[in-house]
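# Survey of secondary and tertiary structure
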Amino acid sequence: IIHLHGELLKMRSSIDENLVYDCNGDILVGDKCELGSQLRPHIVWFGEVVPKIEEAVDVVRHADILVVIGTSLAVYPAAGLINYSKYEIPKWLIDPNEMELPRIPNLKFINEKATVGVDWLVKKLLADG
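Now for a quick tour of the structure. (Residues numbered from 1 in each chain as written. Predicted model: local features only at pLDDT ≥ 70, side-chain atom pairs only at ≥ 80, totals over all residues. Heavy atoms only, no water.)

### Some thoughts on the sheet that holds strand β4 (residues 66-69)
Formally: The pairing criterion is simple: DSSP has to find at least two bridges between the two strands. Counting from the N terminus, the helices are the DSSP runs of H or I reaching at least four residues and the strands are the DSSP runs of E reaching at least two. Between the N-to-C directions of two axes lies an angle of 0 to 180 degrees, each axis being a line fitted to C-alpha atoms and, for a helix, fitted only over the stretch in contact.
Taken in spatial order, the three strands line up as β4-β5-β6 in an open sheet, and their pairing is parallel. On the outer flanks of this sheet lie β4 and β6 (107-110), each paired with one strand and no other. Across the sheet, the axes of successive neighbouring strands diverge by a mean angle of 20°, strand direction being ignored.

Right, here's the structure in full:
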């Protein structure tokens, strides 16, 4: 699992994204890291660079199966990851919302919320061997 957009239960320095701490409550003005900068949620906000995108590209390039959960494939750069997958591998998109699927080889849609769709897909993959 790559937390591409960060983790809500962590916080980080506002000047050094590598200083990450567990977060068990609210982050208050004046809560600072060891460098003296304000702490902030350890998430990627709109307009910010996605720091783990290259790591994710590498994983997708080598994947034997790709499962995308809970996205419309419309927000980049994460939406573009599917384009790095090998042509021949099975690809699954799990999302409860009706959508027009992009033209991607071997992409199948499971129109369910994640808890239901993932459970169904795991059972299918195990049954298919």
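Back to the text.
### Some thoughts on the packing of aromatic side chains
Stated formally: Aromatic rings from Phe, Tyr and Trp, with only the six-membered ring used for Trp, were paired whenever their centres fell within 6.5 Å, and each pair was classed as stacked if the ring planes differed by under 30 degrees, edge-to-face if by over 60, and tilted otherwise. To sort residues, take the accessible area from a 1.4 Å probe on protein chains only and compare it with the maximum for the residue type: under 20% means buried, over 50% means exposed, and anything in between is partly exposed.
Summed over all chains, the structure comprises one aromatic pair. Residues W92 and W120 carry aromatic rings whose centres are separated by 6.0 Å and whose planes lie at 65° to one another, so their mutual orientation is edge-to-face. Taken together, the positions of W92 in strand β5 (residues 91-94) and W120 in helix α2 (residues 114-128) put the pair 28 residues apart, joining distant regions of the chain. Looking at W120, the relative accessible area reads 44%, which means it is partly exposed.

### Section: the environment of H62
Checked against the element boundaries, H62 lands in helix α1 (residues 53-62). Sequence separation of H62 and S85 is 23 residues, and the distance between their C-alpha atoms is 7.4 Å.

### A closer look at the pairing of β5
Burial along β5 is two-sided: K91 and L93 facing one way and W92 and I94 facing the other are all buried. Summarising the sheet, β4 and β5 pair through four bridges and their orientation is parallel. Note on β5: the bridge partner recorded for I69 is I94. Pairing between β5 and β6: four bridges, direction parallel. Its bridge partner lying in β6, I94 is registered against I110.

### Some details on α1
Stated precisely, the cut-off is as follows: Throughout, the arc means that of the directions going from the helix axis to the C-beta atoms. The criterion used for residue contact is that any of the two residues' heavy atoms lie within 4.5 Å.
Every buried residue of α1 is accounted for by I53, A56, V57 and V60. Relative to the axis of α1, the buried residues are bounded by an arc of 105° and lie together on one face. Exposed residues pointing more than 90 degrees away from the buried face of α1 are listed as E54 and H62. Check the buried side of α1 and you find it contacts β4.

### Thoughts on α2
Note the threshold: Here a helix's expected span is defined as the number of its residues, less one, multiplied by 1.5 Å.
The terminal C-alpha atoms of α2 lie 21 Å apart, and with 15 residues this matches the ideal 21 Å at 1.5 Å per residue to within 8%. G129 occupies a position one or two residues after α2 and carries a positive phi of about 75°.

### Describing the layout of surface pockets
For the record, the criterion: Whether a set of points on the 1 Å grid over the protein atoms alone is a cavity depends on a 1.4 Å probe fitting there but being unable to get out, while an open set qualifies as a pocket with protein on both sides within 12 Å along at least five of seven lines; lining residues are those with an atom within 4 Å of a point. Grid points are joined across faces, edges and corners, and a volume is the space filled by probe spheres set on the points.
Quantified by volume, the largest pocket comes out at close to 1,000 Å³. Lining the largest pocket are 29 residues; nearest its centre among them are L4, H5, T71, A78 and L81. The set of elements that each furnish at least two residues to the lining of the largest pocket consists of α1 and β4. By residue number, the principal contributor to the lining of the largest pocket is β4, which donates four residues.

### Some thoughts on the sheet that holds strand β3 (residues 39-43)
The antiparallel open sheet is built from three strands, whose spatial order is β2-β1-β3. In this open sheet, the two edge strands, each paired with only one partner strand, are β2 (20-22) and β3. Adjacent strand axes in the sheet meet at a mean angle of 45°, parallel and antiparallel pairs treated alike. As paired elements, strand β1 (residues 6-13) and β3 share five bridges and run antiparallel to each other. Bridge pairing in β3 places R12 opposite R40.

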